[in-house]
Amino acid sequence: MNERLFDDGLQPAQEPDDRAEFEAALQAESQRGPLVLPPEVGVLPIRNTVVFPGTVTPLAIGRRRSRRLIRDIVPHETVFVLVAQRRAEVEDPRPEDLYSVGTLASVLKVIHLPQGTVNIVVHSMARVRILEYVAQRPYLRARVEVLDVKVRRTKTLKALMVSVRGTAARVMALSPNIPEEAAGLLESISDPSGLADFLAATLNLPVHEKQALLEELDTTKRLQAVSVALAGQLDVLELSHKIHNQVRDSIDKSQREYFLQEELKAIQAELGQADHRTQELDALRDKILAAGLPEAVRTEALRELDRLSKTPAMSPDYAVVRTYLEWVCELPWSRGTTDTLDVSRSRRILNRDHYGLDKIKQRILEFLAVRKLNPHGKSPILCFVGPPGVGKTSLGQSIARAMGRKFIRISLGGIRDEADIRGHRRTYIGALPGRILQELRKCGSRNPVFMLDELDKIGQDFRGDPASALLEVLDPQQNDTFTDHYLDQPFDLSSVLFIGTANITDPIPPALLDRMEIIELPGYTEREKLQIAKRYLVRRQLGEHGLSGRQLTFRDEAIRTIIREYTREAGVRNLERTIAAVCRHAAMKIAEGTARSMTVNPARVRQILGAPRYERELAARTAVPGVAVALAYTSTGGEILFVEVVATPGKGQLTLTGQLGEVMKESVQAALSVVRANAERLGLEAEPLGKQDYHVHVPAGAVPKDGPSAGIAVFAALVSLLRQQPTRPDVALTGEITLQGLVLPVGGLKEKVLAAKRAGVRTVICPARNRRHIDELPREARTGVKFAYVNRAAEALRIALRPD
């Protein structure tokens, strides 16, 4: 097979024009006598390829030394050596730039071209090794020796030849540039070494790999290497052929569908009918014009519609653009509800839906009054903060009902991806707008009451910070141009009344908290829970269990028993759950026919619900020195904590247990330092303080605790232990302590006082600077509790400790 090669990287040599003349030259070369190797032969460097024995190869000669060599050897019909360069970029190769093994060849024909280039056709005959270079000018000359190949005809070699022929035939069939005569030539080669050289010359391999095949004298090893290379080339060709067929089939299918679509359009045009796609585009255009879009948004939507009309229906972009236009048309750009701004009616609705919460109702009515006087003012961003079950979500529903607006609620608990708020960009597959626009589309109004529930439980990870994405949503100065990533156009949220809810404000980022007006919903008192149960909870549970007021009646004392002995919470969620348990028991009795009606009293409550879940344990827990009662405010409302202190022989070290947070640990350390610094003033011996280790524990150990308000309780517990003087069982303490012994004010007083009343506390010791906060508490919360106000920690000891 002929192969076009290069010696200087110029144009490839052309095939001989006169094939008959070329075949005659080749026949004359084959009839020449035995090969006579002169003492010195010329060396012709070639690059980018390797010439194998037994092949006829055209070469383009461009370098001056190479042309001088051809001019000297052609008249004398002498042989020369073809040697591959190690690096193709070397223009004037030296002996060290050439491989040591080459091919002995003779010139069959010389063709002179007008550009000065000389094309030659050479016949390579044998492998030779260069022993020594004897000259470099005017061209390279060297002494060489002929290398004999090793052939051992075995069954393995015969099988290898059959395998190589089959693989080569498959490669030739898949290769577009190999002539048909090559297959016949392949079958006619019976010599194993000649077969290996013939195939090696046709392989598309790097120069160094082809050179390795040339230098391999063992025919079996050379055939094995050729077989491996052929197998690799066959894999590539088969994969390329498969891809080519798939592309061709796809193009044929697309072209066929295109022509059929065009023919269908022509037929429909003759019949005066519009095709489905045209109808779809016309419907989208009508929707865009009827959607009441802002001018900039309408312009962009029409531009996208024009792009859609030019996009083939089978293109993936077609569905993306169509879905985008449908979202644009379905958003409530100009659709909204008319506000009902009757303050008296709104007051009745709020009083009917909720008991108590007077301050919160007053703030809502103030907002409605301002809205009535200034309908175009910006809506404030409210945030209801309070324990679970106090009615934050239902209060938002009542606001929507009072204003005549639609109500939307989404829970933000556990959200970690910013795209949940702002949406995904359209470049992503399956992209959608964020939850804000999704919910507005569902409700079909641009001015609903939008509740963002659980603001304090938003997460954050590598996908973004949803809380930061809410900054624009909850800023009245910015949300009139809220831009969703998917929509990529400003949407006006200034008419939406956003209401956030949270159990505590600590986890909310300060920047987000600053954009909202905080309205605290404290826990309910016992009387408030009783009224809520009678007015709402019992009635709702009777309806859900299929009972009437005649079949099941709750006495007030029964409800009080449930509140005191079976629930301990700031809200009423567990209270309703417990009432539901009583209703289920009554429904079972009535369904069985064992009772026609039932009246629930305290005794029947205990019979149905079992032993009380909560008992007052103050007297038992504080009967020993070193225990004091502290008041805490958590996300579930107020709680009482027992601070326990014990002393053991040691060196004055402090051990803290009970899952205390960093702030609470520092508060305990401050309390111990105050005791040590004022030991003499407190009636304690200073010397034993340094010889004892102190262990402070706050049950329950599985519940995390933090905050500074237990500092004065820790101080009282330490003094109680060191004096061996127990604290009073009906006294609880709250307040932050400083190293100077001062007591600083704390928050969450209503929840703490309610928790103290539930536990049976009669006296609450609190900072004097909290007096005005105590005075603002409802009278019911203060009834039955005595408040002692202190400025310094030592003042609390006279009240908290029992007399000697």
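No experiment lies behind these values; they were computed from the predicted model shown. (Residues numbered from 1 in each chain as written. Predicted model: local features only at pLDDT ≥ 70, side-chain atom pairs only at ≥ 80, totals over all residues. Heavy atoms only, no water.)

## Topic: the overall build of the protein chain
Broken down by element type, the protein chain carries 29 helices and 25 strands. Taking 28 Å as the expected radius of gyration for a compact globule of 804 residues, we find that the protein chain reaches 48 Å, considerably beyond that expectation. Expressed along its principal axes, the backbone C-alpha trace of the protein chain runs to roughly 135 × 95 × 60 Å. In the protein chain, which comprises 804 residues, the proportion classed as buried is 47%. Summarising the internal contacts of the protein chain: among those between residues at least 6 apart in sequence, 75% fall at separations of at least 24. Split by element, the accessible area of the protein chain, about 40,500 Å² in all, is 50% carbon and sulfur. Computing the positive centroid from 112 side-chain charges and the negative centroid from 100, the protein chain places the two 10 Å apart. (Helix = DSSP H or I, 4+ residues; strand = E, 2+ residues; numbered from the N terminus. Rg over C-alpha atoms; globule rule 2.2 N^0.38 Å. Buried < 20%, exposed > 50% of the residue type's maximum accessible area, 1.4 Å probe, protein only. Contact = heavy atoms within 4.5 Å. Areas by Shrake-Rupley, 256 points an atom, 1.4 Å probe, with all protein chains shown as cover. Lys, Arg positive; Asp, Glu negative; His and termini not counted. Charge placed at Lys NZ, Arg CZ, Asp CG, Glu CD.)

## Let's talk about the side chain of T501
Within the element layout of this structure, T501 appears in strand 13 (residues 497-502). Residue T501 is classed as buried on the basis of its relative accessible area of 0%. Setting aside residues no more than four positions away along its own chain, T501 makes contact with C383, F384, K392, M451, L452, D453, E454, L455 and D456.

## Some thoughts on the sheet that holds strand 13
Across the sheet, five strands lie side by side as 9-10-13-8-14; this open sheet has parallel pairing. Each edge of the open sheet carries a strand with a single partner, namely strand 9 (407-411) and strand 14 (517-520). Across this sheet, the average inter-strand angle for adjacent strands is 20 degrees, counted without regard to direction. Sheet analysis places strand 8 (residues 382-385) next to strand 14, joined by four bridges and oriented parallel. (Pairing = 2+ DSSP bridges. Axes fitted to C-alpha atoms, helices over the stretch in contact; angles between N-to-C directions.)

## Topic: the pairing of strand 2 (residues 41-46)
Most of strand 2 is tucked away, with six of its six residues classed as buried. Bridge count between strand 2 and strand 7 (residues 141-146): two bridges; the pairing is antiparallel. Residue pairing across strands places V41 opposite A142, the latter belonging to strand 7. Note: strand 2 against strand 4 (residues 80-84), five bridges, orientation parallel. Paired with P45 across the strands is V83, a residue of strand 4.

## Details of the state of the cysteines
Going through the model one piece at a time under the given rule, you end up with zero disulfides. C329 provides the cysteine sulfur closest to C443, a residue in no disulfide bond, and the two sulfurs are 17 Å apart. Judged by its relative accessible area of 14%, C443 is buried. (Disulfide = S-S within 2.5 Å.)

## Structural notes on a nonpolar patch on the surface
On the surface, L239, I243 and V247 cluster together to form a nonpolar patch covering roughly 260 Å² of accessible area. When you line up the elements, I243 lands in helix 7 (residues 219-271). Relative accessible area serves as the criterion here: at 44%, I243 is assigned to the partly exposed category. (Patch = residues over 30% accessible without salt bridge, like charges linked within 9 Å, V, L, I, M, F, W, Y side chains within 5 Å. Salt bridge = Lys/Arg side-chain N within 4 Å of Asp/Glu carboxyl O.)

## A few points about unusual backbone geometry
Following R137, the chain continues into P138 via a peptide bond in cis, with omega recorded as 0 degrees. Summarising the element assignment, P138 is placed in the loop between strand 6 (118-135) and strand 7. Phi is positive for E454, which is not a glycine, with a value near 60 degrees. In this fold, E454 is placed in the loop between strand 10 (449-453) and helix 16 (466-473). When its relative accessible area of 22% is taken as the criterion, E454 is described as partly exposed.

## Focus: the packing of helix 18 (residues 526-544) against helix 19 (residues 556-565)
Packing of helix 18 against helix 19 brings their axes to within 10 Å, and their N-to-C directions diverge by 115 degrees. Of the two elements, helix 18 crosses helix 19, and the hand of that crossing is right-handed. When helix 18 is examined against helix 19, the residues E526, K529, L530, A533, K534 and V538 are found in contact with a partner set consisting of D556, I559, R560, I563 and R564. (Left-handed = near helix turned anticlockwise from the far one by under 90°.)

## Overview of the pairing of strand 13
Counting buried residues along strand 13, six of its six residues qualify, which places the element largely inside the surrounding structure. Residues L497, I499 and T501 point to one face of strand 13 and F498, G500 and A502 to the other, with burial holding for every one of them. Of the pairings in the sheet, the one linking strand 8 to strand 13 comprises four bridges and is parallel in character. Pairing of V385 across the sheet is with A502, part of strand 13. Of the pairings in the sheet, the one linking strand 10 to strand 13 comprises four bridges and is parallel in character. Counted as the bridge partner of V449 is L497 from strand 13.

## Let's talk about the packing of aromatic side chains
If you walk through the whole model with that rule in mind, you get three aromatic pairs. The interplanar angle of 40 degrees and the centroid separation of 5.4 Å between the aromatic rings of F450 and F498 together place this pair among those described as tilted. Residue F450 is found in strand 10, and its partner F498 is found in strand 13; the two are separated by 48 residues along the sequence. Here F450 and F498 have matching classes, each one buried. Its end group placed over the ring of Y324, R426 keeps NZ or CZ at 3.8 Å from the ring centre. The side chain of R441 reaches across the aromatic face of W327, ending 4.0 Å from its centre. (Phe/Tyr/Trp six-rings, centres within 6.5 Å; stacked < 30°, edge-to-face > 60°. Lys NZ or Arg CZ within 6 Å of the ring centre and 35° of its normal.)

## Points about the confidence of the model for the protein chain
Here the protein chain averages 83 in pLDDT, while 91% of its residues score no lower than 70. Counting contacts from residues 1-22, a segment whose pLDDT is below 50, to residues more than four positions away or on other chains yields 61 contacts. (pLDDT = per-residue confidence, 0-100.)

## Points about the side chain of N447
Examined against the element boundaries, N447 turns out to sit in the loop between helix 15 (435-443) and strand 10. A distance of 2.7 Å separates polar atoms of two side chains, one belonging to N447 and the other to S445. (Polar contact = N/O pair within 3.5 Å; in protein donor to acceptor, adjacent residues only side chain to side chain.)

## Some remarks on the packing of helix 23 (residues 662-677) against helix 25 (residues 711-723)
For the pair helix 23 and helix 25, interaxial distance at closest approach is 9 Å and the crossing angle is 45 degrees. Between helix 23 and helix 25, the angle falls in the class oblique. You can see that helix 23 and helix 25 cross each other, and the crossing is right-handed. Here helix 23 contributes S667, V668, A671, L672, V674 and V675 to the contact with helix 25, which in turn contributes G711, V714, F715, L718, V719 and L722. For the contact of helix 23 with helix 25, the per-class residue count stands at 10 nonpolar, two polar and no charged. (Parallel < 35°, antiparallel > 145°, perpendicular 65-115°, else oblique. Nonpolar A, V, L, I, M, F, W, Y, C, P; charged D, E, K, R; others polar.)

## Points about the environment of A670
On the secondary structure map, A670 appears in helix 23. The exposure class of A670 is buried, given its relative accessible area of 14%. In sequence terms A670 and Y614 are 56 residues apart; their C-alpha atoms lie 33 Å from each other. Each residue touching A670, except ones within four places of it in the same chain, is listed here: I737 and L739.

## Description of helix 16
Taking burial as the measure, the eight residues of helix 16 include six buried ones, the bulk of the element. Buried within helix 16 are the following residues: P466, A467, A469, L470, E472 and V473. Between the side-chain oxygen of the N-cap and the backbone nitrogen of A467 there are 3.2 Å, and the N-cap of helix 16 in question is D465.

## Thoughts on the pattern of salt bridges
Tallied over the entire structure, the rule returns 38 salt bridges. The shortest N-O distance in the salt bridge between D92 and R137 comes to 3.4 Å. Of this pair, D92 sits in the loop between strand 4 and strand 5 (101-112) while R137 is found in the loop between strand 6 and strand 7, placing the two residues 45 residues apart along the sequence. Relative accessible area serves as the criterion here: at 57%, R137 is assigned to the exposed category. Here the salt bridges do not stand alone but share partners, grouping E300, R303, E304, R307 and R426 into one network.

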